[in-house]
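Examination of the molecular architecture
Chain by chain, the residues run as shown.
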Amino acid sequence: MNIDLHEKKIPIIKIRDFLIVSIQVDMHDKLAIQLQSQILEEIEKTGAKGVLIDISVLEMVDSFIGRMLSGMASMAAIMDAAVVIVGMQPSVAITLVELGLEMPGVDTALNMEKGIEMLEERLSNYNTL
Amino acid sequence: MNEISFDNNWEQLGKYPIVTEHDIVKIRQLVRHHAKEARMGIVEQTRITTAVSELFRNMFNYAEGGDVLIERGNIDGKNALIVTCIDQGPGIEDLELAMSDGYTSGMGMGYGLPGTKRLVDRFEIQSEKDKGTIVRVMKWR
Ligand SMILES: Nc1ncnc2c1ncn2[C@@H]1O[C@H](COP(=O)(O)OP(=O)(O)O)[C@@H](O)[C@H]1O
Ligand SMILES: [Mg+2]
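A brief report on the enclosed structure follows. Note that this is a predicted model, so its numbers are computed, not measured.

**Thoughts on the interface of chain A and chain B**
- Between chain A and chain B, the residue contacts involve 23 residues of the former and 22 residues of the latter.
- Across the chain A/chain B interface, buried area totals approximately 2200 Å², and carbon plus sulfur atoms make up 54% of it.
- Summed over the three residues of chain A that lose the most area to chain B, namely Met60, Glu98 and Leu99 of chain A, the buried surface amounts to 24% of that side.
- Remark: the boundary between chain A and chain B carries 7 salt bridges.
- Applying the counting criterion to the chain A and chain B interface returns 15 residue pairs in polar contact (both at pLDDT 80 or more).

**Remarks on the packing of helix 3 (residues 90–99) of chain A against helix 4 (residues 112–119) of chain B**
- Where helix 3 of chain A meets helix 4 of chain B, the axes come as close as 8 Å, and the angle between the chain directions of the two elements is 125°. With respect to helix 4 of chain B, the axis of helix 3 of chain A lies oblique. Counting all contacts with helix 3 of chain A, which are made through Thr95, Glu98 and Leu99 of chain A, the residues of helix 4 of chain B involved are Gly115, Thr116, Arg118 and Leu119 of chain B.
- Taken together, the residues of the contact of helix 3 of chain A with helix 4 of chain B break down into 2 nonpolar, 3 polar and 2 charged.

**A word on the site of ligand 1**
All names here are of chain B.
- Around ligand 1 there are 17 residues in total, and Tyr62, Thr104, Ser105, Gly110 and Leu113 lie nearest to it.
- At 2.7 Å, a side-chain N or O of Tyr62 approaches an oxygen atom of ligand 1.
- Separating an oxygen atom of ligand 1 from a backbone N or O atom of Gly112 is a distance of 3.2 Å.
- Burial of ligand 1 by the protein chains amounts to 93% of its free accessible area of 530 Å².
- At the level of elements, helix 2 (42–62) and helix 4 are the ones that each hand at least two residues to the shell around ligand 1.
- When residues in the shell around ligand 1 are grouped by element, the largest group, 3 residues, is from helix 4.
- Its residues assigned to classes, the shell around ligand 1 comprises 8 nonpolar, 8 polar and 1 charged.

Scoring rules and cut-offs
- Residues numbered from 1 in each chain as written.
- Chains lettered and ligands numbered in written order.
- Predicted model: local features only at pLDDT ≥ 70, side-chain atom pairs only at ≥ 80, totals over all residues.
- Heavy atoms only, no water.
- Contact = heavy atoms within 4.5 Å.
- Buried area = accessible area lost by both parts, 1.4 Å probe.
- Salt bridge = Lys/Arg side-chain N within 4 Å of Asp/Glu carboxyl O.
- Polar contact = N/O pair within 3.5 Å; in protein donor to acceptor, adjacent residues only side chain to side chain.
- Axes fitted to C-alpha atoms, helices over the stretch in contact; angles between N-to-C directions.
- Helix = DSSP H or I, 4+ residues; strand = E, 2+ residues; numbered from the N terminus.
- Parallel < 35°, antiparallel > 145°, perpendicular 65-115°, else oblique.
- Nonpolar A, V, L, I, M, F, W, Y, C, P; charged D, E, K, R; others polar.
- Near = heavy atom within 4 Å.
- Areas by Shrake-Rupley, 256 points an atom, 1.4 Å probe, with all protein chains shown as cover.

Right, dumping it as structure tokens:
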């Protein structure tokens, strides 16, 4: 497969109330920023209530990507959608803590299934309010 | 302050410019490759890759880019991967401030330098106003 960093757009899939995004490449800055606005547009367009971002193939998250993820979570929250980061590698999680980055407002789940459970639980709590 | 020395008999693995954001991605992947070659574990690989990513981005953001020197050398009997970032940017006036958690002069999160220091086995920084900045990090197994 030929991965062209310049051209590649990250696909966003909608399943029921949720958007599912699977990050497959080591993102450069523009791609990260583009993904952020793409997801926010998609939330607006579809009225999605949750976003699952699979980062299981990411071998590192630096403060730039970290800031992008937490920025996205807070913007999504304003639009009434929750963001769950799925499948962060243990080595990435350890490194993020050592780097000193707390990502406020960002929930994490071990895998997609747990992430969906998390979002569904949130939605049902929300609906009974 | 000790000057960062370039007079070492370390083996040079490469020297690369950081000009675009693609270079940040490419060269950090290269550093990971060398960490792997040095048989570092996955956590060590991730630490050094994340650390250099922060340093490369700083050069890109604050100094209009710079050069990266990747070397392998013997440090106190340990086989170390040594990455030196050299730029001719504006320099850092207050190093102590720049090294403190959460301080950013721009729109960053302010964890790049202090975080990098925590992620590596040795961290050296030298900066002069209007001359530039050199940051050297070392990682061993
Ligand atoms: N190579 C550099 N040249 C000039 N200034 C720098 C350089 N690297 C870091 N700085 C300064 O040090 C500050 C702290 O850097 P850092 O800890 O990486 O946080 P951040 O990049 O998030 O601001 C920066 O905001 C910047 O003012
Ligand atoms: Mg920085």
